[in-house]
Amino acid sequence: SNKPIRVVITGAAGQIAYSLIHQIGNGDVFGKEQSIILHLLDITPVMGVLNGVVMEIQDMSLPLVKDVIPTDSEEVAFKDVDVALFVGAMPRKEGMERKDLLSANVKIFKSQGTALDKFAKKNVKVVVVGNPANTNCYILAHYAPSIPRENFTCLTRLDHNRAKAQLASRLKVSSSAIKNVIIWGNHSSTQFPDVRSATVSINGQETAVYDAIRDDQWLKNDFVSTVQKRGAAVIAARKLSSAMSAAKAICDHVRDWWYGTRENEWVSMGIISDGSYGIEKGLVFSYPVEIKNGQISIVQDLQMDDWAKGMIEKTQKELVEEKNDALKATNS
Ligand code: NAX
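Definitions and limits used
- Residues numbered from 1 in each chain as written.
- Predicted model: local features only at pLDDT ≥ 70, side-chain atom pairs only at ≥ 80, totals over all residues.
- Helix = DSSP H or I, 4+ residues; strand = E, 2+ residues; numbered from the N terminus.
- Expected span 1.5 Å × (residues − 1).
- UniProt positions renumbered as here; feature names shortened; annotations may be inferred.
- Buried ≥ 20, exposed ≤ 12 C-beta atoms within 10 Å, placed from the backbone.
- Contact = placed C-beta atoms within 7 Å.
- Core = buried A, V, L, I, M, F, W, Y, C linked by C-beta atoms within 7 Å.
- Domains from an automatic or database assignment.
- Pairing = 2+ DSSP bridges.
- Axes fitted to C-alpha atoms, helices over the stretch in contact; angles between N-to-C directions.
- Near = placed C-beta within 6 Å.
- Nonpolar A, V, L, I, M, F, W, Y, C, P; charged D, E, K, R; others polar.

Trainee: Would you take a moment to explain helix H2 (residues 47–60) for this structure?
Mentor: In an α-helix, one turn spans 3.6 residues, which is why side chains three or four residues apart end up on the same side. Here H2 is 14 residues long and its end C-alpha atoms lie 20 Å apart, about the 20 Å a rise of 1.5 Å per residue gives. One or two steps after H2, the chain reaches Ser 61, where phi turns positive at roughly 50°.

Trainee: Can you help me understand the UniProt feature "binding site: NAD(+)" (unreviewed entry) in the protein in this one?
Mentor: Under the feature "binding site: NAD(+)" (unreviewed entry), the UniProt entry names Asp 42, Asn 105, Val 129, Gly 130 and Asn 131. Looking at the secondary structure, you find Val 129 in the loop between strand S5 (125–128) and helix H5 (133–142). Residue class for Val 129 comes out buried when judged on the 28 C-beta atoms lying within 10 Å of it. If near-sequence neighbours (up to four positions away) are discounted, Val 129 is found in contact with Ile 16, Leu 85, Phe 86, Val 87, Leu 155, Ala 246 and Ile 250. The buried category is assigned to Gly 130, around which 25 C-beta atoms lie within 10 Å.

Trainee: How should the nonpolar core be read in this particular structure?
Mentor: Burial of nonpolar side chains together is a common tendency in soluble globular proteins. In terms of nonpolar packing, the biggest core is built from 88 residues, with Ile 9, Ala 84, Leu 85, Val 129 and Leu 140 touching the most fellow members. Taken domain by domain, this core gets at least three of its residues from each of domain 1 (5–154) and domain 2 (157–320). Sequence-distant contacts of Leu 85, that is, excluding residues within four places in its chain, are made with Val 7, Val 8, Ile 9, Val 127, Val 129 and Ile 250.

Trainee: So what exactly am I meant to see when it comes to the sheet that holds strand S3 (residues 65–71) here?
Mentor: Taking strand neighbours across the sheet as the criterion, the nine strands line up as S3-S2-S1-S4-S5-S6-S12-S13-S14 in an open arrangement whose pairing is mixed. Two strands in the sheet have a free side with no partner beyond their single neighbour: S3 and strand S14 (295–298). Shown here is a sheet whose adjacent strand axes are inclined to one another by a mean of 30°, direction ignored. Lying on the sheet, H2 is in contact with strand S2 (36–41) and S3; it crosses S3 at an angle near 175°.

Trainee: Is there a simple way to think about unusual backbone geometry in this case?
Mentor: Generally, phi is negative for residues other than glycine and the peptide bonds are trans, each holding for most cases. Residue Asn 131 is joined to Pro 132 through a cis peptide bond whose omega torsion reads -5°. Here Asn 180, not a glycine, exhibits a phi torsion of approximately 65°, which is positive. Along the chain, Asn 180 falls in the loop between strand S7 (178–179) and strand S8 (182–184). Its 21 C-beta neighbours within 10 Å are what place Asn 180 among the buried residues. The backbone of Asn 293 shows a phi angle near 45°, a positive value even though the residue is not glycine.

Trainee: Is there a simple way to think about the site of the ligand in this case?
Mentor: Looking at the ligand, there are 29 residues lining it, with Gly 11, Gly 14, Ile 16, Gly 88 and Asn 131 nearest. With three residues, helix H1 (residues 15–25) is the single largest residue contributor to the shell around the ligand. Of the residues belonging to the shell around the ligand, the class tally is 17 nonpolar, eleven polar and one charged. Each of domain 1 (5–154) and domain 2 (157–320) gives at least three residues to the shell around the ligand.

Next up, the structure:
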């Protein structure tokens, strides 16, 4: 195969990475021809665990994986990388206040942003997964000014997939029959899962999801809150946060960025806002996007009624507050 690409995964000793590494190494994301060098970053105390992960990578005998570089050094981790998946973050511990969590993560993403700016390829594609994903992405981009703004994204594809799955289950179709749902805003419980443009394909016939379900109350209430609270429901059941489904969503996100989205089909991604739909410019906000030749563009001119505007306003407000708190924390 051709020249290997360098892919860094942070939080590589964690549970999402444990599901993610196999899919990337197996060619499920960059294709079966693309060889890969894996850079695996985690913190010093878990280097032993990471070493065990490296042993398992060896034992999988994946032909596309040309080298594995486990490290606790940001310089080594980000050196010449083509793709950077920021999965690691400071987890919320019992008794921890929101602002303590935010400031701990600001420290991490300030340091990693600075290192990314210095050592990564200038065309590196960035995906932030670690929570609070949008705001961590904002801080990362802030400290990596030499990398183009359009190369920074955060993951809302899991929310997008969850929304599709809820509709598919209600309509008793495969989730591949559902198209063009949208997650707007923050990867948090204020996100707006929007199905006003979504369609379902039944026996080759495309119908608006709204017409197929014919239950406005369910679509505006139960559906929205189920998607918003799905992460918490998984934690309550598993005592651990979503990992298998998060890893799969990361693969969907990166594969679509690498290969482009299908004709007339959009996906959701947190990206740096250009002001579209009245969102504050510079905020990392989830939008419906189409991707061609690696270029991400926001789907424009979607209709906004008062309900939708209110939903978007609410998630934007939360993101502005998070961003302001995070910027304050960078100075302290
Ligand atoms: P784990 O706690 O299993 O793993 C996180 C790993 O990150 C640990 O090995 C930890 O040592 C490492 N880490 C901590 N600080 C680091 C640093 N400064 N540099 C490098 N590594 C560092 O968590 P996991 O279940 O894998 O989840 C990872 C993150 O994804 C969490 O922040 C989680 O909240 C977030 N999620 C985001 C989702 C999204 O859709 N955006 C969904 C899934 C998940 O909840």
